[in-house]
Amino acid sequence: MPWYKNAVFYEIYLRAFYDSNGDGHGDLRGLIQKLDYLQELGVDCLWLMPTYPSPLKDDGYDIADYRSIHPDYGNLDDFKALLEAAHARNLRLILDLVINHTSDQHPWFQSARADRNSPFRDYYVWSDDPQRYKRARIIFCDTETSNWTWDEQAGQYYWHRFYACQPDLNYDNPAVQDEILDVMRFWLDLGVDGFRVDAVPYLFEREGTNCENLPETHAFLQRMRRFVDEHYPDRLLLCEANQWPQDVRAYFGDTEGKEFHMAFHFPLMPRLFMALAKADYTPIRWVFEQTPPIPDDCQWCTFLRNHDELTLEMVTPEEREWMWKTYAPQRRMRLNLGIRRRLAPLLDNNRRKIELLNSLLFTLPGAPILYYGDEIGMGDDLNLSDRNGLRTPMQWDASPQAGFSTAKRPYASPVPTPGYRPQEVNVAAQMADPQSLWHAIRRMIRARKQYPSLQCGTLRWLEGNDPSIAAFERACNGQRMLLIHNLSSQTRPCAVKITNAKKLTNALTGQEFIHPLELQNYRLAPWEYLWLLLS
Ligand code: TEU
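Residues numbered from 1 in each chain as written. Predicted model: local features only at pLDDT ≥ 70, side-chain atom pairs only at ≥ 80, totals over all residues. Heavy atoms only, no water.

Trainee: Which parts of the structure should I look at to understand the site of the ligand?
Mentor: The immediate surroundings of the ligand are formed by 18 residues, with Asp58, Asp198, Asp308, Glu309 and Arg387 found nearest. Between aspartate 58 and the ligand, the recorded distance is 2.6 Å, taken from a side-chain N or O atom to an oxygen atom. Summarising the interface, the protein chains cover 100% of the accessible area of the ligand, which totals 500 Å² for the free molecule. Broken down by class, the residue content of the shell around the ligand amounts to five nonpolar, five polar and eight charged. (Near = heavy atom within 4 Å. Polar contact = N/O pair within 3.5 Å; in protein donor to acceptor, adjacent residues only side chain to side chain. Areas by Shrake-Rupley, 256 points an atom, 1.4 Å probe, with all protein chains shown as cover. Nonpolar A, V, L, I, M, F, W, Y, C, P; charged D, E, K, R; others polar.)

Trainee: What is the right way to read the packing of aromatic side chains from this model?
Mentor: In this description, a pair of aromatic rings is defined by centroid distance and the angle of the planes. Under the defined criterion, the tally for this structure stands at 40 aromatic pairs. Judged by centre distance (5.9 Å) and plane angle (80 degrees), the rings of tryptophan 3 and tyrosine 4 are edge-to-face. Measuring from ring centre to ring centre gives 5.5 Å for phenylalanine 109 and tryptophan 126, while their planes differ by 15 degrees; the resulting arrangement is stacked. With phenylalanine 109 in helix α5 (residues 107-114) and tryptophan 126 in strand β4 (residues 126-127), the pair connects residues that are 17 residues apart, well separated along the chain. We note that phenylalanine 109, like tryptophan 126, is buried. Put simply, the rings of Tyr52, Tyr66, Phe79, Trp108, Phe120, Tyr123, Phe186 and Trp187 touch in pairs and so form one group of aromatic residues. (Phe/Tyr/Trp six-rings, centres within 6.5 Å; stacked < 30°, edge-to-face > 60°. Helix = DSSP H or I, 4+ residues; strand = E, 2+ residues; numbered from the N terminus. Buried < 20%, exposed > 50% of the residue type's maximum accessible area, 1.4 Å probe, protein only.)

Trainee: I would appreciate a short explanation of the pattern of salt bridges in the present structure.
Mentor: Oppositely charged side chains can pair when the atoms bearing their charge come close. Scanning the entire structure with this criterion turns up 37 salt bridges. Glutamate 313 is the partner of arginine 137 in a salt bridge, and the nearest nitrogen-oxygen pair spans 2.8 Å. Linking arginine 137 in the loop between β4 and β5 (148-151) with glutamate 313 in the loop between β13 (310-311) and α11 (317-327), this pair joins segments that are 176 residues apart in sequence. The class for arginine 137 is partly exposed, based on a relative accessible area of 27%. Note that arginine 480 and glutamate 473 form a salt bridge whose closest N and O atoms lie 3.4 Å from each other. As far as burial versus exposure is concerned, arginine 480 and glutamate 473 are alike and both buried. In the salt-bridge network here, residues are joined through shared partners; they are Asp58, Asp59, Asp308, Asp386, Arg387 and Arg391. (Salt bridge = Lys/Arg side-chain N within 4 Å of Asp/Glu carboxyl O.)

This is how it looks when you write it as structure tokens:
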């Protein structure tokens, strides 16, 4: 089975992770010092958010040099040391590859805007008419009012699907396509295990379309995959396409050719939160019914939260309003079409709810990814702008700087909110307490990696007359596991009849559970979840 199918992923914002040199920023050498922690947690593959030189107008998603390391984080030697140290611990590392756009400070754009005859002019999308591609939506709708910005120096408008400081690259230009493959070769030759490829639906533009998921985009991505398969066959391409399942399906490729090995399952994510708040598993079941089958060597990457706002792009306007009312009652919690809050605050720091959503994440189909800090229930700081409140220092211990940095003024302070401060939420205390959230999640990671039925098994929902009980079976090569989740705040009868099993084992503890015939009389506590191996 390809390594990524049953891997557990972990997303790291390097600046927030651990500061090894006391300058107030997390760095590559700091991450090396925390690899043992990540190995202990049990994750298999790290996804590093962009660490390239950047003016940091979009936290590194505005790249100014594709083949180097931002000085805050270290240098290429530090990066090679990190790769070596990760591989020595059987940890893989994938990088964030931002190919839809560069920073406006990239030398390519500086040259392009300065001279119409620059060899880099056509690396970008210019127009005299800001009405072109009118049907493309504005993604950063809280900030941008158009996808075109006038550039005085260039004497033309340039196209950008994100911030105006992130001019889109022009993929109709073969030189751009060659540059991106060359950038990939640079990092793959260093030994990275693959890429999380950012914002792929927007690469090409065509008049009269919404400029998303175009055939030309898929053709380039198939070229990218052929390049990887030919030269680096064991490396991973993970797709960020915030689209409906049937549109994401195309990013796994078709008869014409393969594209990505993995893709984030964006539409599932809000429905996990919806199901919890409604105490009704219908939204989860519905989205899996909308999800087309994917090729055998492909895998979904499932998540609860990440470094962005909790996106509500893939729900109806009514569902979005309901989600905002339920999970973002204050306007300041909202950003673009989403919610800029971390997992624990979204769930009122309710330990049972946090574990329940993680249990669904680890038992539904797909390879799960954790966002750094969510394994200890870290909070957010809404006083910080944009998404920065989701990107505060990792809280390693109860000291004032949370053991993150010795600097007087680190890039940001640990979360100041009562209930989430370092003295209340930190790695050291939770690793020392077997009853902590950290240990609960570590048990889930271990069990998920132990049972093939959870990695690549089938999914069969068990009919019940209580929609607040999400009960489903995962099965693979004769191994069958029954997953039962009480989505409600009330004690509920389990009401699941088991006929063809002699024994039930709790897959999280290894202990024998009650007799199968007794299961239907079992009463589930509020937000209780069961992982039951049937034999
Ligand atoms: O986000 C791309 C994207 O499509 C956004 O709409 C995203 O889905 C939304 O913000 C909710 O998740 C990527 C990165 O994840 C984001 O951090 C960058 O700001 C953006 O690209 C531009 O590079």
